[in-house]
Amino acid sequence: MTMNALQLLTWVRSTGLNIAIAIFLLGVLWRLFEIYSLGRKKDLSAPRHASGASGLHTVFRRSLPPLGMLKRSPVSYIGGYIFHIGLAIIVFLFAPHILLITNLTGLSWPGLPSQFVDMTAVVTMAAMVVMLADRINKPVKRFISTFEDWFTWAVTFLPVLTGWMAFQHVLLPYTTMLALHILSAEILLVVLPFSKLFHGFTLFGSRWYNGRVNAHKGVPV
Amino acid sequence: MQGPLIDTLARQGITRRTFLKYCTTLASMMALPPMAGRAMAETMAAAKRPSVIWLPFQECTGCTESMTRSHSPTIEGMIFDMISLDYQETLMAAAGFQAEEARQKAMKDNMGKYLLIVDGSIPLGIDGAYSCIGGRSNVDLLKEAAQGAAAIIAVGTCASYGGIPKANPNPTGAVAVSDIIKDKPIVNIPGCPPIPVVMTGVLAHYLTFGSLPDLDDKGRPKAFYGDTIHDRCYRRPFYDQGKFAKTFDDEGARQGWCLFELGCKGPVTHNACATVKWNGGTSWPVESGHGCLGCSEPDFWDGGSFYKALSTPADPLKFVAAASVVGAVAGVGVSVANRAKKGAAKSAHETTTLADLEK
């Protein structure tokens, strides 16, 4: 017998979510342990000191474009900012999403009006599409892109698209779309620990590490 | 405007004007053009009373109660005067062999023309023995009655989709009418119970135009099931503003804020409760302070708790602790292996090549 929309929705809300969160946690813990236990050889040279050279400085500095780069690659920087901030707003400030987090962790905070999140989703998707077009158009970007880049773009884009379509009642009935939205978010959860999307967890650690190593040499990077 | 129905209505104190108004309202509810109201009134007033056979299967009589006691005296009830209800166990005076005879006679006399109304699901377990009438199983009775029917109206969620009898683990093997009958037009009027005006709307449409109204992909009349409860809910602005009642008696609940967090299934439920309301337009579940259960959707009983928000897990998470332990153990295991490899490389004085860095 085929599954109807409500059955699919119930599946993604129970078994699917169960599996996705389990794989997510398994993958995140595995990789964090693995990465942070690697260690590096101790640098025996005497540390040099330079102003602005430290792990913490680098954590923040790497969020800003180096001199001249904003002009050279505006799409990467501006688009990148927009869609990262947009994703954060959508994931952490939409009331039904907060409710899920509260249900799973007990933490709660106030959300934003749904129309604002709706608008944010449109802007976020626009930024992601522009960045994809840029990746396709710029020969260098295209050359260094691998399957993983295209794949992770799609896996990130789909939950936003399906969530927005569910909210706007586009194409499919709400129940079906909501089920697909949750399913796509679950795929994202499964893929995240094992792809470059893991930067969400390692980003600041690796920046701090690079900053720290270079600070030892007296180089503010 | 003349006819047997008008006379009957007049005797019961319902004026021609009231009847016309009712038909116009019905027409507008079904999104029919303004002229349709008058056409409906005229046709129904003069209607020849088509034969209707109402078969009850695995049901609780709630659907019948909903139709007959919606509000009293009821125009919905009066509509039953324009049909010849030849068999309805709850309402008919006859019983036993007389009742069965009435059914057989109605079927024979109106072969190919009568309307078949079904409420309740049909059990298929142990050859249908879970529910029998006059010694015959429901599935047997349904197949027989469906043969000569012009159309079938499945009233209530049980007849439409299996309903509560079909809920997991479905001990009786309950199925919907549409699971058994494939060669007749079927209109589903789900709801637990369904809204009376939807039932009369479908009947009025059939009597006026001789056809069934437009149906959605689940066999429901689009006019009544086209929108979700959520989209038509008067509490919707609070959802959009992010104002939610957290408990059934907090300040938010008193202010009429959205019941989403209390498990309301309005966003995934198609029905007309929010616009038509219940008890003669008095109120409806969400207005009385309880979230929508989603009773007009297939398998609503197995859609997770009625009191859990749609965006939250339907069941408690099971593998979190196990997955965390496995993940941590795997991470530590790989770490140990990596360290051993590093130690071995160090003692063997291996050098790092450019190729190593490209890995």
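Refer to the structure above for everything that follows.
Residues numbered from 1 in each chain as written. Chains lettered and ligands numbered in written order. Predicted model: local features only at pLDDT ≥ 70, side-chain atom pairs only at ≥ 80, totals over all residues. Heavy atoms only, no water.

Trainee: Just checking my understanding: could you explain the overall build of chain B for this structure?
Mentor: Of the regular secondary structure elements, chain B holds 17 helices and 9 strands. The C-alpha radius of gyration computed for chain B amounts to 28 Å, which surpasses the reference 21 Å derived for 359 residues by more than 25%, pointing to a less compact arrangement than a globule. With the C-alpha coordinates aligned to their principal axes, the bounding extent of chain B is approximately 105 × 50 × 40 Å. Put simply, chain B has 359 residues, and 52% of those count as buried. (Helix = DSSP H or I, 4+ residues; strand = E, 2+ residues; numbered from the N terminus. Rg over C-alpha atoms; globule rule 2.2 N^0.38 Å. Buried < 20%, exposed > 50% of the residue type's maximum accessible area, 1.4 Å probe, protein only.)

Trainee: Looking at this model, I keep getting lost on the layout of surface pockets. Mind explaining?
Mentor: Picture a little ball the size of a water molecule; that probe, rolled over the atoms, points out where space is still empty. Residues and elements named next belong to chain B. Its boundaries defined by the atoms lining it, the second largest pocket holds a volume of some 1,100 Å³. Forming the boundary of the second largest pocket are 20 residues, of which Asn338, Lys341, Lys342, Ala345 and Thr352 lie nearest the centre. Contributions of two or more residues to the lining of the second largest pocket are made by α16 (320-347) and α17 (354-358). Here the lining of the second largest pocket gets 8 residues from one element, more than from any other, and that element is α16. Split by residue class, the lining of the second largest pocket holds 4 nonpolar, 6 polar and 10 charged. (1 Å grid on protein atoms, 1.4 Å probe; cavity = no way out; pocket = protein on both sides within 12 Å on 5 of 7 lines; lining within 4 Å. Points joined across faces, edges and corners; volume = space filled by probe spheres on them. Nonpolar A, V, L, I, M, F, W, Y, C, P; charged D, E, K, R; others polar.)

Trainee: So what exactly am I meant to see when it comes to the pattern of salt bridges here?
Mentor: Opposite charge on two side chains allows them to pair when their charged atoms are near. All names here are of chain B. Summed over all chains, the structure comprises 18 salt bridges over all chains. Arg103 is the partner of Glu100 in a salt bridge, and the nearest nitrogen-oxygen pair spans 2.6 Å. Of this pair, Glu100 and Arg103 both sit in helix α6 (residues 96-109), separated by 3 residues, roughly a single helical turn. A relative accessible area of 18% means that Glu100 is categorised as buried. Residues Lys105 and Asp109 are paired through a salt bridge, measuring 2.8 Å at the closest nitrogen-oxygen approach. With Lys105 and Asp109 both in helix α6 and 4 residues apart, the pair spans about one turn of that helix. A cluster of three or more residues bridged by salt bridges with shared partners is formed by Glu100, Arg103, Arg136, Asp140 and Glu144. (Salt bridge = Lys/Arg side-chain N within 4 Å of Asp/Glu carboxyl O.)

Trainee: So what exactly am I meant to see when it comes to the environment of Leu188 of chain A here?
Mentor: Inspection of the secondary structure puts Leu188 of chain A in helix α9 (residues 174-191). For Leu188 of chain A, a relative accessible area of 21% gives the class partly exposed.

Trainee: Sorry if this is basic, but what is going on with helix α2 (residues 16-29) of chain B here?
Mentor: Residue pairs spaced three or four apart in an α-helix point in one direction, given the helix's 3.6 residues per turn. In this model, α2 of chain B (14 residues) spans 20 Å end to end at C-alpha, consistent with the 20 Å of a helix rising 1.5 Å per residue. Just beyond α2 of chain B, the residue with positive phi is Ala31 of chain B, at close to 60 degrees. (Expected span 1.5 Å × (residues − 1).)

Trainee: Would you mind showing me how to read the sheet that holds strand β7 (residues 149-155) of chain B here?
Mentor: Backbone-to-backbone hydrogen bonds pair the strands of a sheet. The strands run either parallel or antiparallel. Residue and element names in this part refer to chain B. Spatially, 5 strands are ordered β2-β1-β3-β7-β9 in an open sheet, and the strand pairing comes out parallel. For this open sheet the edge positions go to β2 (84-87) and β9 (186-189), each flanked by a neighbour on one side alone. Each adjacent strand pair in this sheet contributes to an overall mean axis angle of 25 degrees, direction not counted. Here strand β1 (residues 51-56) pairs with β2 via 3 bridges, running parallel. When the sheet's bridge partners are listed, Val52 is paired in β2 with Leu85. The sheet contacts of helix α7 (residues 138-147) involve β1, β3 (114-119) and β7, and relative to β3 the element is tilted by about 155 degrees. (Pairing = 2+ DSSP bridges. Axes fitted to C-alpha atoms, helices over the stretch in contact; angles between N-to-C directions. Contact = heavy atoms within 4.5 Å.)

Trainee: Would you take a moment to explain the interface of chain A and chain B for this structure?
Mentor: How big an interface is tends to be expressed through the accessible area that disappears when the partners come together. With 36 residues of chain A at the interface, the matching set in chain B holds 46 residues. Between chain A and chain B, a total of about 3,500 Å² is buried, with carbon and sulfur atoms accounting for 63% of that surface. Its largest share of buried area at the contact with chain B, chain A owes to Arg13, Asn18 and Leu99 of chain A, together 20% of the area lost on that side. Summed over the shared surface of chain A and chain B, the number is 0 salt bridges. Inspection of the region where chain A meets chain B yields 17 residue pairs in polar contact (both at pLDDT 80 or more). Mapped by element, the contributors of at least two residues to the side of chain A that touches chain B are α1 (5-36), α5 (95-105), α6 (114-137) and α9 of chain A. When residues of the side of chain A that touches chain B are assigned to their parent elements, the largest contribution, 16 residues, is made by α1 of chain A. Looking at the side of chain A that touches chain B residue by residue, the classes come out as 22 nonpolar, 12 polar and 2 charged. (Buried area = accessible area lost by both parts, 1.4 Å probe. Polar contact = N/O pair within 3.5 Å; in protein donor to acceptor, adjacent residues only side chain to side chain.)

Trainee: Looking at this model, I keep getting lost on unusual backbone geometry. Mind explaining?
Mentor: Backbone phi values are negative for most residues with the exception of glycine, while trans is the configuration of most peptide bonds. Here the residue pair Asn168 of chain B and Pro169 of chain B is connected by a cis peptide bond, since its omega of 5 degrees sits within 30 degrees of zero. The omega torsion of the bond from Cys192 of chain B to Pro193 of chain B falls at 0 degrees, within 30 degrees of zero and hence cis. Mapping Pro193 of chain B onto the fold places it in the loop between β9 and α10 (196-209). The backbone phi angle of Leu171 of chain A is positive, close to 70 degrees, even though this residue is not glycine. Its place among the elements puts Leu171 of chain A in the loop between α8 (147-168) and α9. For Leu171 of chain A, a relative accessible area of 74% translates into the label exposed.

Trainee: Explanation requested: a nonpolar patch on the surface in the structure shown.
Mentor: All names here are of chain A. Among the surface-exposed residues, Leu64, Leu70, Ile78, Tyr81, Ile82, Ile85, Phe116, Met119 and Val123 lie close enough to one another that they form a single nonpolar patch of about 810 Å² accessible area. Those elements that place two or more of their residues in the nonpolar patch are α4 (74-93) and α6. Top element by residues in the nonpolar patch is α4. It accounts for 4 residues. Summarising the element assignment, Ile82 is placed in helix α4. (Patch = residues over 30% accessible without salt bridge, like charges linked within 9 Å, V, L, I, M, F, W, Y side chains within 5 Å. Areas by Shrake-Rupley, 256 points an atom, 1.4 Å probe, with all protein chains shown as cover.)

Trainee: In this structure, what is going on with α9 of chain A? I would like to understand it.
Mentor: All names here are of chain A. Its 18 residues place the ends of α9 25 Å apart at the C-alpha level, agreeing with the 26 Å of an ideal helix rising 1.5 Å per residue. All buried positions along α9 are accounted for by Tyr174, Thr175, Met177, Leu178, Ala179, His181, Ile182, Ser184, Glu186 and Val191. Those residues of α9 hidden inside the fold are in contact with α1, α5 and α8.

Trainee: For this particular structure, what's the right way to read the packing of aromatic side chains?
Mentor: Pairs of aromatic rings are described using the distance from one ring centre to the other and the angle between the two planes. One pass over the full model with this rule turns up 14 aromatic pairs over all chains. An angle of 85 degrees between the planes, with centres 5.9 Å apart, marks the rings of Tyr239 of chain B and Phe244 of chain B as edge-to-face. There is no split in this pair, since Tyr239 of chain B and Phe244 of chain B are both buried. An angle of 85 degrees between the planes, with centres 5.6 Å apart, marks the rings of Trp301 of chain B and Phe306 of chain B as edge-to-face. On the basis of relative accessibility, which here comes to 18%, the residue Phe306 of chain B falls in the buried class. Connected via pairs of aromatic rings, a cluster forms that spans Phe24, Phe198 and Phe201 of chain A. The positively charged end of Arg135 of chain A is found above the aromatic ring belonging to Trp150 of chain A, 5.9 Å away from the centroid. The residue whose ring lies beneath Arg103 of chain B is Tyr87 of chain B, and the NZ or CZ to ring-centre distance is 5.6 Å. (Phe/Tyr/Trp six-rings, centres within 6.5 Å; stacked < 30°, edge-to-face > 60°. Lys NZ or Arg CZ within 6 Å of the ring centre and 35° of its normal.)

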